[in-house]
Amino acid sequence: MKKIFLAIFTILIAIFTCACDKENSVILFNKHRFTPETINSPSNTNVFQSGERIYYLITLPEQVESKLLLVQIFKLDGDQDERLGYSLVWGKRVKLRDEQRHYFTDYVVMNTKGNYVMKVYSRDYPTKILTSGHFYVKN
């Protein structure tokens, strides 16, 4: 009886602790334009100077059906026009080209110091965040 209970318990533990195979979307930030050499370079950082170009790479493991993304940047602990501690400072609608089915890269420039979060939404599911990433702008 103990052996049967131990075998069932071991199988249940193995089922619930197995890792998932699903890949998640990620945002990488860099001080230089993304190339095959700079993807894993030490210049990947999330701390930037004000007025500096912030290059970002959004990876999409699953293809977005509508090929439309919404990229938004929120500033945390905003000024008087804040909403729950967040203020929208930048937004962009992106139409993915055929060669960009699984990624999108561009840059943005922030001139005020602060703590920022970039959120990416799909037109397919506009209420679900595909991915988000934090970065900081210092003087």
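Residues numbered from 1 in each chain as written. Predicted model: local features only at pLDDT ≥ 70, side-chain atom pairs only at ≥ 80, totals over all residues. Heavy atoms only, no water.

> Teacher, can you tell me more about unusual backbone geometry here?
Trans peptide bonds make up most of the peptide bonds, and negative phi angles are found at most residues other than glycine. Even without being glycine, K67 reaches a positive phi, approximately 60°. Tracing the sequence through the fold places K67 in the loop between strand 3 (53-59) and strand 4 (68-76). What makes K67 partly exposed here is its relative accessible area of 21%. (Helix = DSSP H or I, 4+ residues; strand = E, 2+ residues; numbered from the N terminus. Buried < 20%, exposed > 50% of the residue type's maximum accessible area, 1.4 Å probe, protein only.)

> Explain the side chain of K119 here, please?
Along the chain, K119 falls in strand 7 (residues 114-122). Assessed through its relative accessible area of 18%, K119 is described here as buried. Among residues more than four places away in sequence, those in contact with K119 are L70, V71, Q72, F74, I129, T131 and S132. (Contact = heavy atoms within 4.5 Å.)

> How should I be thinking about the sheet that holds strand 6 (residues 103-109) in this particular structure?
Consider a sheet: its strands pair through backbone hydrogen bonds, and that pairing is either parallel or antiparallel. The three strands lie next to each other as 1-3-6, forming an open sheet whose pairing is antiparallel. At either end of the open sheet lies a strand with only one pairing partner, and these are strand 1 (26-30) and strand 6. Across the sheet, the mean angle from the axis of one strand to that of its neighbour is 20°, orientation sign disregarded. When strand 3 meets strand 6, the two strands line up antiparallel, connected through seven bridges. Directly across from I58, in strand 6, lies its bridge partner F104. (Pairing = 2+ DSSP bridges. Axes fitted to C-alpha atoms, helices over the stretch in contact; angles between N-to-C directions.)

> What should I look at first to understand the packing of aromatic side chains in this one?
Each aromatic ring pair is specified by the distance between its two centres and by the angle formed by the two planes. One pass over the full model with this rule turns up seven aromatic pairs. When the centroid spacing of 5.5 Å and the interplanar angle of 50° are considered together, the rings of Y55 and Y107 count as tilted. Placement of Y55 in strand 3 and of Y107 in strand 6 is noted, with a sequence separation of 52 residues between them. Relative to Y86, the ring of F74 lies with its centre 6.3 Å away and its plane at 90°, an arrangement referred to as edge-to-face. Placement of the pair is F74 in strand 4 and Y86 in strand 5 (residues 86-95), with a sequence separation of 12 residues. You can call F74 buried: its relative accessible area is 15%. Three or more aromatic residues joined by ring pairs make a cluster, and in this case those are F29, F48, Y116 and F135. (Phe/Tyr/Trp six-rings, centres within 6.5 Å; stacked < 30°, edge-to-face > 60°.)

> Sorry, what's going on with the sheet that holds strand 4 here?
The sheet built from five strands is open, its strands ordered 2-8-7-4-5 with mixed pairing. Each having just a single partner strand, strand 2 (47-49) and strand 5 make up the two edges of the open sheet. For this sheet, the mean angle separating the axes of adjacent strands, direction not counted, is 25°.

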